[in-house]
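# Architecture and fold: a report
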Amino acid sequence: MIAGLLLSILLFSQAAPLETVVASLNNRAITYSEILQEGELLNIENNVPPETPLSTELKEKILRLIFFRIILSEEAREQEITVDEQLVRKSAENYMKNVYMKAFIKKYELTDFEFKTIIKMRLITDKMTTNFIEQKFPNGNKHSKEDEKKVIEDWENNLLKRQKVIIYSMP
């Protein structure tokens, strides 16, 4: 009886690994697999093989990026800022042209809806960031990429200060 129970536990643990929660943003758990998935997608976007290992520093940056995207998606929803569904579809089609994308989607068992949601979050983040930069530098005021980077970093930090963030250790 006990041997059967142990075998069941062993088989279950091999079939369905437990998720490691690495952070919480306003009581929404962020898992390690989300970090890995985002890292692989960033590698794909930069034409790097998706299985390229992620440094600890990069994982931390990815976590902040995930926080930023979640926060901006919520703010966009509140402000009723959207992106055109045709743009989402065309962007998804462009992603699918990458040789690594089919394997990525299969690996993470993404449905078409889930994949397009990932793309949509990226597009909304881009749109919100562009709007913010245009507000900070109105009428095409000249500014450097460094100025832009600093303004975005300050914005991100201010947004994070207003959130309930808990960060745990990462594997």
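You'll find the structure just up there.
Residues numbered from 1 in each chain as written. Predicted model: local features only at pLDDT ≥ 70, side-chain atom pairs only at ≥ 80, totals over all residues. Heavy atoms only, no water.

## Considerations on the side chain of Asn-98
With respect to the secondary-structure elements, Asn-98 resides in the loop between α4 (85-96) and α5 (101-107). Sequence-distant contacts of Asn-98, defined by excluding residues within four places in its chain, comprise Ile-44 and Asn-47. (Helix = DSSP H or I, 4+ residues; strand = E, 2+ residues; numbered from the N terminus. Contact = heavy atoms within 4.5 Å.)

## Re the pattern of salt bridges
Taken as a whole, this structure holds 13 salt bridges when the rule is applied. Salt-bridge contacts for Glu-34 lead to Arg-28; the nearest nitrogen and oxygen are separated by 3.1 Å. Residue class for Arg-28 comes out partly exposed when judged on its relative accessible area of 35%. Of the charged contacts in the structure, one is a salt bridge between Arg-122 and Glu-38, with a shortest N-O distance of 2.7 Å. Remark: Glu-38 occurs in helix α2 (residues 32-45) and Arg-122 occurs in helix α6 (residues 112-136); sequence separation between them is 84 residues. A residue is classified by how much of its surface remains accessible, and Arg-122, at 6% relative accessible area, is buried. Since its relative accessible area comes to 9%, Glu-38 is described here as buried. Residues joined by salt bridges that share partners form a network here, namely Glu-38, Glu-45, Arg-69 and Arg-122. (Salt bridge = Lys/Arg side-chain N within 4 Å of Asp/Glu carboxyl O. Buried < 20%, exposed > 50% of the residue type's maximum accessible area, 1.4 Å probe, protein only.)

## Some remarks on helix α7 (residues 145-161)
Here α7 contains 17 residues, and its C-alpha end-to-end distance of 24 Å stays within 8% of the 24 Å for a straight helix at 1.5 Å per residue. Along α7, the residues that are buried comprise Glu-148, Val-151, Ile-152, Trp-155, Glu-156, Leu-159 and Leu-160. Elements in contact with the buried residues of α7: α3 (56-78), α6 and β3 (165-167). (Expected span 1.5 Å × (residues − 1).)

## Let's talk about the pairing of strand β2 (residues 28-31)
Direction of pairing for strand β1 (residues 21-25) relative to β2: antiparallel, over a ladder of 4 bridges. By the bridge assignment for β2, Ser-24 is matched with Ala-29. Between β1 and β2, which follow one another and run antiparallel, lie 2 residues, and Asn-26 among them has a positive phi close to 50°. (Pairing = 2+ DSSP bridges.)

## Concerning a nonpolar patch on the surface
On the surface, Val-21, Ile-166 and Tyr-168 cluster together into a nonpolar patch covering about 230 Å² of accessible area. As for its placement among the helices and strands, Ile-166 is situated in strand β3. We classify Ile-166 as partly exposed; its relative accessible area is 33%. (Patch = residues over 30% accessible without salt bridge, like charges linked within 9 Å, V, L, I, M, F, W, Y side chains within 5 Å. Areas by Shrake-Rupley, 256 points an atom, 1.4 Å probe, with all protein chains shown as cover.)

## A few points about the pairing of β1
Summarising burial for β1: 4 of the 5 residues are buried, a large majority. For β1 and β3, the ladder comprises 3 bridges, and the chain directions are antiparallel. Looking at the pairing, Ala-23 lines up with Ile-167 of β3.

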